[in-house]
Amino acid sequence: MAEHESLEFGKADFVLLDNVSLEEFMANLKLRFEKGRIYTYIGEVVVSVNPYRAMNIYGRDTIEQYKGRELYERPPHLFAIADAAYKAMKRRNKDTCIVISGESGAGKTEASKYIMQYIAAITNPGQRAEVERVKNMLLKSNCVLEAFGNAKTNRNDNSSRFGKYMDINFDFKGDPIGGHINNYLLEKSRVIFQQEGERSFHSFYQMVKGGPESLLRSLHVSKDPTAFNYIKVGGHIKSTIDDGGDFKAVADAMKVIGFTADELQTVYKVLATILHLGNLTFGVDGDTTLIENSKVVAVIGDLLATKEENVEKALLYRTVATGRDVIDKQHTAQEASYGRDALAKAMYERMFCWIVGRINDVIEVKNYDAKVHGKNTVIGVLDIYGFEIFQNNSFEQFCINYCNEKLQQLFIQLVLRQEQEEYQREGIPWKHIDFFNNQIIVDLVELQHKGIFSVLDEACMNVGKVTDKVFLQGLNSKLANHAHYTSRKLSPTDKSLEFDRDFRVRHYAGNVVYSVVGFIDKNKDTLFQDFKRLLYNSSNPVLKVMWPEGKLKITEVTKRPLTAATIFKNSMIALVENLACKEPYYVRCIKPNDVKSPLLFEHERCRHQVEYLGLLENVRVRRAGFANRQEYPRFLQRYKMISEFTWPNHDLPSEKEAVKKLLQGCGFEQDVAYGKTKVFIRTPRTLFCLEEQRTEMVGRIVLFLQKVWRGTIARMRYRRMRAAAIILRAYRRFKVKSYIKDVNRKFKNVRSMKDHGKHVKWPTPPKVLRRFEEALRSFYNRWWAWMLIKDMTPEEKLRIRAKGATLEALKDQRPDLGLQRTWEGNYLKRDSPDTASSFTLVSSELQRKDKFMRVLFSCNVRKINRFHKAEDRAVLITDRHLYKMDPLKQYKPMKSIPLYNVTGISVSPGKDQLVVFHTKDSRDLVVCLKGMMPAGDSRIGELVGTLLSHFKR
């Protein structure tokens, strides 16, 4: 049971209901459906309610949650049952089977697909190519069988119209290595007739709507399903089914499985032939029966690869052997129509059985030697029609309901047997359980000489004209005293039964009235030998294989073929014997409503299904002794926190003793029994009390674990941070030392180097020493500069400072600063040697007069006067004044500006020698330096640097 699921979703296991009654059962089922919980347990049986919507509970994450888990460790799910069957097969080497039952539309086919999907997902962890191939084949076979064996009914858009039992074979590693499919009672009458609102088999509509134009042309088939009598009822229905997309998916699946192109083409030809047969009409000309649309016969002959006249003869005549003579007996129009319909049904059934056989040829285990490869174990999956009660119940419904009687009998027997065996295995006293044994109904159907099938077979073997009425009379005479059989003749006052037509069987699931109309014909399942010979003699080898009995000549005596009832009875007996030798698991499917609504839960509809599935009886059997049982280790693992003697670990002699101590401490020792390996709990209330105590303790334990874990994490984090800090500190110290050593090594001998270490590459400092490195570089640069200037004269030092000032002020501002040449300062003496004596005289006079210490700069200049005429002048700059002189008048001073009145100097960014001296009285002096030797020299840099250096000092 899934104890951890909240009670707001109802009881996850019906065994845990407080009172076992139909009302409580239905209320719990409804609550879980409304809460979106479509699965519920009855012990180890899963009850599944069709949700009629897509649910996100079948993905890879969900598969991982159920893989290797016990049933009660997770909420109820199909995957839990599939995993339990797989574990039993793998661990205990047992053959197992999963029986899926329920009425049409309850979700049986979907359930079988999800089980297959789960088994495929959890096997072959080693990704062996052969195993992957087998898994792919098994999954693809579902797609193919659905196309040819399923149809849209009023109850279900994808209703299985046949029973299917699939064996999956596993090797000793638990990986699938093959399989085998058995099919039961295909509803072939659907080929020629469907009720209003229903369709024939999907395959017809897929081919008509999805087949390519070229294929349909070759088959003489149009894209309009209403053009064909056999499928036109379904052709008018608007459906959400994607027939076009499904056609491609089925064709691809058949190719993957291994169907050849010729085999695939033959399948399409058989489908097309059946459609054309439905359009054949017969008329009468006097005493002669004729085919009114003979062109269709030519098409059928072409599709069947046989002569047109042979097809026409088989449809209109029947060859009869009388002693040594062979005569052709002409059909009446009615007989011809019957033969046509019988041929259509037989062709579809043979094709379906052939497809199943071809799939088996591919997936069956080959060359497996148990001595070499280990034991070959099996999981069987049975997806078979559920109990059916229609307005008009005929031979098919009778067979289906007989099948369900057999499976219900097996179900009760196996559940009881499993219970009894478990009690005996564990040493718990077994009490007899009263239950309805439906063996009496099974005998009513299958008993030799007295059963309904035997009476039907006897009626079919009678000579002369045998009618359904004769069959009913035989039933009335042989079963008059049977408690579960009645008819109008035996109950004249029961007006729900028609005279000479109806009989009623009281099944375990309820009373069903059957109409005997058609029982004889359907049981005989007559197909004229002429059709078998016609198809066997086809030049199509695939078609020939489907009809092996056609090789017999008309004069060759053959024994009477088995009737449909006998074949079905034998197959059911074999199926039940096969299931009985396996360990069974059950999925019981329920249909919540008839309108396919995800919200509607029809109480009466569901109650009827619960009754005929025997679910309440199943709960009573399971509850008759002990509601729950668990192995000691797992029980202890789940509940040990409740007792101080078992938490966190016990020191008792065994786990059994530990469980006893735990239950005694809780006061439940009167409500339990102790087996050899399991503890048995009688009432659900005890289990709920244990769960409540566990839930309370788990909260405390979680808080305690959180506290301890958070403390542990904090300590671990602290230790990591402390270790990191120590490592970081040591690493930093190491990097600092390494850097200092590296610098020391590289700059050790810079004093003796020619460039005093300017070429030495500085090592990269660690991040922490970036600012230290900047300071160190600054110290070095100062030292290096001092080493350069320490031996210079005062005049040289002044020039160096001036150049530094120039670089600082005009770097990247002008292209040529004149830094590469020697700065002389006083250029008037050098540039004008003829007038040098006059300049010397004037400068001496000015020095005496203005008391300046030295000449900073002198140069010839050109000036534009106020009349916009260029005039040659000279500029003399001393440490006190700026003089403008006239070189043409022996350098007579024209203007004297004290240096403290000069507020700034402006130069252009070009190569020109233009200078503007800004003064406080805004009478700026604008001149252009000239007379440079050599020509092209620039003295702007020298002028700016000299003045800046002087003012800084």
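Residues numbered from 1 in each chain as written. Predicted model: local features only at pLDDT ≥ 70, side-chain atom pairs only at ≥ 80, totals over all residues. Heavy atoms only, no water.

With respect to the pairing of strand β16 (residues 583-590)
Step number 1: Here β16 lies mainly inside the structure; eight of its eight residues are buried.
Step number 2: Alternating positions in β16 separate into two faces, Glu583, Tyr585, Val587 and Cys589 on one and Pro584, Tyr586, Arg588 and Ile590 on the other, with burial throughout.
Step number 3: Sheet topology places strand β2 (residues 45-49) next to β16; five bridges connect them, and they run parallel. If you follow Ser48 over to β16, its bridge partner there is Cys589. (Buried < 20%, exposed > 50% of the residue type's maximum accessible area, 1.4 Å probe, protein only. Helix = DSSP H or I, 4+ residues; strand = E, 2+ residues; numbered from the N terminus. Pairing = 2+ DSSP bridges.)

Quick word on a positive patch on the surface
Step number 1: Positive charge collects at one region of the surface, where Arg722, Arg729, Arg733, Lys737 and Lys741 lie side by side.
Step number 2: As for its position among the elements, Lys741 is in helix α27 (residues 684-746). (Patch = residues over 30% accessible without salt bridge, like charges linked within 9 Å, V, L, I, M, F, W, Y side chains within 5 Å. Areas by Shrake-Rupley, 256 points an atom, 1.4 Å probe, with all protein chains shown as cover. Salt bridge = Lys/Arg side-chain N within 4 Å of Asp/Glu carboxyl O. Lys, Arg positive; Asp, Glu negative; His and termini not counted. Charge placed at Lys NZ, Arg CZ, Asp CG, Glu CD.)

What to know about the packing of helix α17 (residues 452-461) against helix α22 (residues 564-580)
Geometrically, a packed helix pair is captured by the angle between its two axes and the distance between the axes.
Step number 1: Running from N to C, α17 and α22 point in directions that differ by 150 degrees, and their axes come no closer than 9 Å. Viewed along their axes, α17 and α22 adopt a mutual orientation that is roughly antiparallel. Remark: the crossing between α17 and α22 carries left-handed chirality. Note on element contacts: α22 touches α17 through Ala565, Thr566 and Lys569, opposite Phe453, Leu456 and Asp457. (Axes fitted to C-alpha atoms, helices over the stretch in contact; angles between N-to-C directions. Parallel < 35°, antiparallel > 145°, perpendicular 65-115°, else oblique. Left-handed = near helix turned anticlockwise from the far one by under 90°. Contact = heavy atoms within 4.5 Å.)

Some details on the layout of surface pockets
Step number 1: Of the volumes computed, that of the second largest pocket is approximately 1200 Å³.
Step number 2: As for the second largest pocket, its lining consists of 44 residues, and the residues nearest its centre are Glu44, Arg92, Glu422, Glu583 and Lys678.
Step number 3: Of all the secondary-structure elements, those providing two or more residues to the lining of the second largest pocket are α3 (78-91), α15 (395-426), β16, α24 (615-623) and β17 (628-631).
Step number 4: Within the lining of the second largest pocket, the residues separate by chemical class into 16 nonpolar, six polar and 22 charged. (1 Å grid on protein atoms, 1.4 Å probe; cavity = no way out; pocket = protein on both sides within 12 Å on 5 of 7 lines; lining within 4 Å. Points joined across faces, edges and corners; volume = space filled by probe spheres on them. Nonpolar A, V, L, I, M, F, W, Y, C, P; charged D, E, K, R; others polar.)

Some points on α24
Step number 1: Counting buried positions along α24 gives seven out of nine residues, so the element sits mostly inside the fold.
Step number 2: Those residues of α24 that fall on the buried side of the exposure criterion are Leu615, Leu616, Asn618, Val619, Val621, Arg622 and Arg623.

Considerations on helix α32 (residues 940-952)
Step number 1: Counted at 1.5 Å a residue, the expected span for α32 with its 13 residues is 18 Å, and the 18 Å between its end C-alpha atoms agrees.
Step number 2: Of all 13 residues in α32, 10 are buried, a share of seventy percent or more.
Step number 3: For α32, the full list of buried residues reads Ile940, Gly941, Glu942, Leu943, Val944, Gly945, Thr946, Leu947, Ser949 and His950.
Step number 4: Buried residues belonging to α32 abut α29 (794-810), β20 (855-864), β21 (870-878), β24 (902-907), β25 (914-919) and β26 (925-929). (Expected span 1.5 Å × (residues − 1).)

Brief notes about unusual backbone geometry
Step number 1: In the Ramachandran plot, His449 falls in the positive-phi region, its phi being about 70 degrees despite a non-glycine side chain.
Step number 2: Residue position: His449 is located in the loop between α16 (439-446) and α17.
Step number 3: Using a relative accessible area of 56% as the deciding quantity, one classes His449 as exposed.
Step number 4: At Ser922, a position not held by glycine, the phi torsion is positive, near 60 degrees.
Step number 5: Within the secondary structure, Ser922 is located in the loop between β25 and β26.

Some thoughts on empty space enclosed by the protein
Regions of empty space are outlined by a rolling probe, equal in size to a water molecule, passed over the atoms.
Step number 1: The final tally for this structure, using the stated rule, is five cavities of 30 Å³ or more.
Step number 2: Of the volumes computed, that of the largest cavity is approximately 80 Å³.
Step number 3: Taken together, Thr109, Ser112, Lys113, Asn142, Leu145, Glu146, Asn150, Ser160, Phe162, Lys164 and Asp383 make up the lining of the largest cavity.
Step number 4: Among the elements of the structure, α4 (108-122) and α5 (129-149) are those that each provide at least two residues to the lining of the largest cavity.
Step number 5: A per-class count over the lining of the largest cavity returns two nonpolar, five polar and four charged.

With respect to the packing of helix α1 (residues 22-34) against helix α23 (residues 603-612)
Step number 1: Two elements in contact, α1 and α23, have axes whose closest approach is 11 Å; the angle formed by their N-to-C orientations is 115 degrees. For α1 against α23, the interelement crossing comes out right-handed. Judged by residue contacts, Leu22, Phe25, Met26 and Leu29 of α1 engage His603, Cys606, Arg607, Val610 and Glu611 from α23.
Step number 2: Partitioned by chemical class, the residues of the contact of α1 with α23 number six nonpolar, one polar and two charged.

Section: a nonpolar patch on the surface
Step number 1: Judged by side-chain polarity, Phe704, Leu705 and Val708 come together as a nonpolar surface patch covering roughly 280 Å² of accessible area.
Step number 2: Counting through the fold element by element, Phe704 comes out in helix α27.
Step number 3: With relative accessibility at 49%, the residue Phe704 sits in the partly exposed group.

Topic: the sheet that holds β25
Step number 1: If you trace the seven strands from one edge of the open sheet to the other, you get β23-β22-β21-β20-β26-β25-β24, paired in antiparallel fashion. Each edge of the open sheet carries a strand with a single partner, namely β23 (892-898) and β24. Between one strand axis and the next, the sheet turns by 35 degrees as a mean value, whatever way the strands run.
Step number 2: Where β24 and β25 come together, five bridges link them in antiparallel fashion. If you follow Gly904 over to β25, its bridge partner there is His918.
Step number 3: Across the face of the sheet, helix α31 (residues 836-850) comes into contact with β20, β21, β22 (881-886) and β23 while running at roughly 145 degrees to β22.

Here's the deal with the nonpolar core
Step number 1: Counting residues in each nonpolar core, the largest one holds 113 residues, and the members touching the most others are Phe148, Phe204 and Tyr348.
Step number 2: Of the residues forming this core, the biggest block, 15 residues, is contributed by helix α13 (residues 333-363).
Step number 3: Not counting chain neighbours up to four residues away, the residues in contact with Tyr348 comprise Ala147, Phe148, Leu186, Val191, Phe201, Ser203, Phe204, Leu271 and Ile274. (Core = buried A, V, L, I, M, F, W, Y, C linked by side-chain atoms within 4.5 Å.)

A look at the sheet that holds β17
Step number 1: Here we have three strands laid out as an open sheet, ordered β17-β19-β18, and antiparallel in their pairing. Every other strand in the sheet has two partners, leaving β17 and β18 (672-674) as the edge strands with one partner each. Across the sheet, the mean angle from the axis of one strand to that of its neighbour is 20 degrees, orientation sign disregarded.
Step number 2: With four bridges joining them, β17 and strand β19 (residues 678-681) adopt antiparallel strand pairing. Looking at the pairing, Glu631 lines up with Lys678 of β19.
Step number 3: On the sheet, helix α25 (residues 632-639) packs against β17, β18 and β19 and is oriented at approximately 95 degrees with respect to β17.
Step number 4: Across the sheet, helix α26 (residues 655-666) is in contact with β18 and β19; its angle to β18 comes to roughly 165 degrees.

What to know about the packing of aromatic side chains
Step number 1: Per the stated rule, a full pass over the model turns up 29 aromatic pairs.
Step number 2: Measuring from centroid to centroid gives 3.7 Å for Tyr58 and Tyr114, while their planes differ by 5 degrees, and the two rings are stacked. Here Tyr58, found in the loop between β2 and α2 (60-66), pairs with Tyr114, found in helix α4; they are 56 residues apart in sequence, far enough to count as distant.
Step number 3: A relative accessible area of 22% means that Tyr114 is categorised as partly exposed.
Step number 4: Ring centres of Tyr827 and Phe857 lie 6.0 Å apart, and the angle between their planes is 70 degrees; this geometry places the pair in the edge-to-face category. Of the two residues, Tyr827 is situated in the loop between α29 and α30 (828-831) and Phe857 in strand β20; the sequence distance between them amounts to 30 residues. (Phe/Tyr/Trp six-rings, centres within 6.5 Å; stacked < 30°, edge-to-face > 60°.)

A short note on the side chain of Asn476
Step number 1: Structurally, Asn476 can be placed in helix α18 (residues 468-478).
Step number 2: There is a polar contact of 2.6 Å between the side chain of Asn476 and the side chain of Ser487.
Step number 3: Those residues in contact with Asn476 that sit more than four places away from it in its chain are Tyr485, Ser487, Lys489 and Leu490. (Polar contact = N/O pair within 3.5 Å; in protein donor to acceptor, adjacent residues only side chain to side chain.)

With respect to the UniProt feature "binding site: ATP" (unreviewed entry) in the chain
Step number 1: Under the local residue numbering, the UniProt record ascribes the feature "binding site: ATP" (unreviewed entry) to Gly102, Glu103, Ser104, Gly105, Ala106, Gly107, Lys108 and Thr109. From this annotated list, the subset lining the largest cavity comprises Thr109.
Step number 2: Mapped onto the elements of the fold, Ala106 is located in the loop between β3 (96-101) and α4.
Step number 3: Ala106 sits in the buried class, given a relative accessible area of 1%.
Step number 4: Setting aside residues no more than four positions away along its own chain, Gly107 makes contact with Asn50 and Cys589. (UniProt positions renumbered as here; feature names shortened; annotations may be inferred.)

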